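Residue-level structure breakdown
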Amino acid sequence: MRFDIRRAFVTVAALLLLPALLACGGDDDDPTATATGSTPAAETSATSSEVTAPASETDTTDDGDEPAATAGADGSNPVPPTGTAGADATAPSTDGSSGFAYGWNVAVRGDDEGGGHNERVVDSVQESGFGWVRFQLEWSQFERVDNQWDPLPVDRIVDEFAGEGINILLVVAKAPDWALDPTGGQLLADYTQFTELMAFVAQRYAGKVQAWEIWNEQNLAHEVNGNIRVADYFELLRAGFAGVRQGNPQALVVFGGLTPNGVNDPSIAIDDVEYLSQIYQYQRGEIALYFDVMGMHVSSTHNPPDTMWPDNPSDEDGYNDDESFYFRRAEQLRDVMIANGDSSKPVWITEFGWTTANQAEGYEYGANNTEDEVAEYLVRSFEIARNEWDFVTGMFVWTLNWTTLAPPEDEKYPWSSVNSDWTPRPSYDALRDMLKD
């Protein structure tokens, strides 16, 4: 069952799989949850963890040369406050404090009772030998009313990791209703409001948050208010980049990871390679000026990391007949960067992983992955990145510890590398023991 707009009965297929796509984004109906997130069904990659504050708180150049800055979508000239991204930018190093960025996506809590939980996360991160974490800041929770900030939940979490010397990649996503364009003509009514947000948080967490990922899986309609337009993300990233440079010029700006899906329907999803190609073509490649690191999400379902369709497909049943379902999808995304003269930028794979047997509908393929296979696949993925992909300088495993917050029937649960009682699964042991340089 391949979710692909090219199939004859795509409308039916889309309707059948729409619930899985809608689940990818982390909305959680449990009012007691203080951190939410979701993993992908077969066609989509896992989404990042989200910090949810309690209510009481908180056109490519023809010759392939480097793209030139041109007028923005509104006719204005792009003027990032403190330089531009790319090879000539005055931007921080992409390797963090200890070379390659070994990272975990983590489930965290920002409420009054979250301290003990977050301490356990810190312990698990440190014991694994990883130096980075990734989680999500929900704009809709951080700024429920225009210009009224509620930073306490995020403060608590950031301070917990930063105080222990752990680097942070913080994803900012999920626009509040008040910021959306009521006409539906674009994502935000006023993109300068996003610049203000990013300037505020970049300054507030300067020295604590080393990198900012601007949005999450913006090639899914439900992540961008129901209609996918590359022009929206162009403006969003440009605005976010300006804000980060204002608030903390030393922080990295990461292009929001796209989800692999094989669909080309703007009301549902756009194929990740197609989306990336389109945004590089928009405004003659100007997008390259507004980020330091290319973020990627890769979803491998039950396919080993060395396999790739069609030349070396997996022999697993199902979810093996499209490039979207393989770890080496990253190579095709990198090819888009190269074709558009942006090869000097490094890549971070900000979400990747394998689920074991999964109770959630749409994740049945997880039953094909044993605990030991997941451990093997994760380690091999790092080996591929370190030995074969010189363009990758960081990878963030999905996920460390959703078992400690989500119930077993939640799709996020079996992606975790620790059990609900914090004891290690084979994947955690393998990653802890893996050689890191």
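That block above? That's the structure.
The paragraphs below set out a description of the structure included in this document.

Criteria and thresholds
- Residues numbered from 1 in each chain as written.
- Predicted model: local features only at pLDDT ≥ 70, side-chain atom pairs only at ≥ 80, totals over all residues.
- Heavy atoms only, no water.
- Helix = DSSP H or I, 4+ residues; strand = E, 2+ residues; numbered from the N terminus.
- Buried < 20%, exposed > 50% of the residue type's maximum accessible area, 1.4 Å probe, protein only.
- Areas by Shrake-Rupley, 256 points an atom, 1.4 Å probe, with all protein chains shown as cover.
- Salt bridge = Lys/Arg side-chain N within 4 Å of Asp/Glu carboxyl O.
- Axes fitted to C-alpha atoms, helices over the stretch in contact; angles between N-to-C directions.
- Parallel < 35°, antiparallel > 145°, perpendicular 65-115°, else oblique.
- Left-handed = near helix turned anticlockwise from the far one by under 90°.
- Contact = heavy atoms within 4.5 Å.

**Focus: the overall build of the protein**
Counting its regular elements, the protein contains ten helices and twelve strands. Across the 437 residues that make up the protein, the buried fraction comes to 60%. Counting every atom, the protein has about 15,900 Å² of accessible surface; 47% of that belongs to carbon and sulfur.

**With respect to the pattern of salt bridges**
Tallied over the entire structure, the rule returns 26 salt bridges. The salt bridge partner of Arg229 is Asp232, with a shortest N-O separation of 2.8 Å. Owing to a relative accessible area of 24%, Arg229 belongs among the partly exposed residues under this scheme. Asp306 serves as the salt-bridge partner of Arg328, at 3.6 Å between the closest nitrogen and oxygen. Of the two residues, Arg328 is situated in the loop between strand S10 (293-297) and helix H8 (329-339) and Asp306 in the loop between S10 and H8; the sequence distance between them amounts to 22 residues. Among the residues examined, Arg328 registers a relative accessible area of 12% and is labelled buried. Several salt bridges share partner residues, and in doing so they unite Asp306, Arg328, Glu331, Arg380, Glu383 and Glu388 into one network.

**Describing the packing of helix H9 (residues 371-387) against helix H10 (residues 426-433)**
Two elements in contact, H9 and H10, have axes separated by 8 Å at closest approach and are oriented at 30 degrees. With respect to their mutual orientation, H9 and H10 come out roughly parallel. Along this stretch, H9 crosses H10, giving a crossing that reads as right-handed. The residues of H10 that touch H9, namely those facing Glu371, Asp372, Val374, Ala375, Leu378, Val379 and Phe382, are Pro426, Ser427, Ala430 and Leu431.

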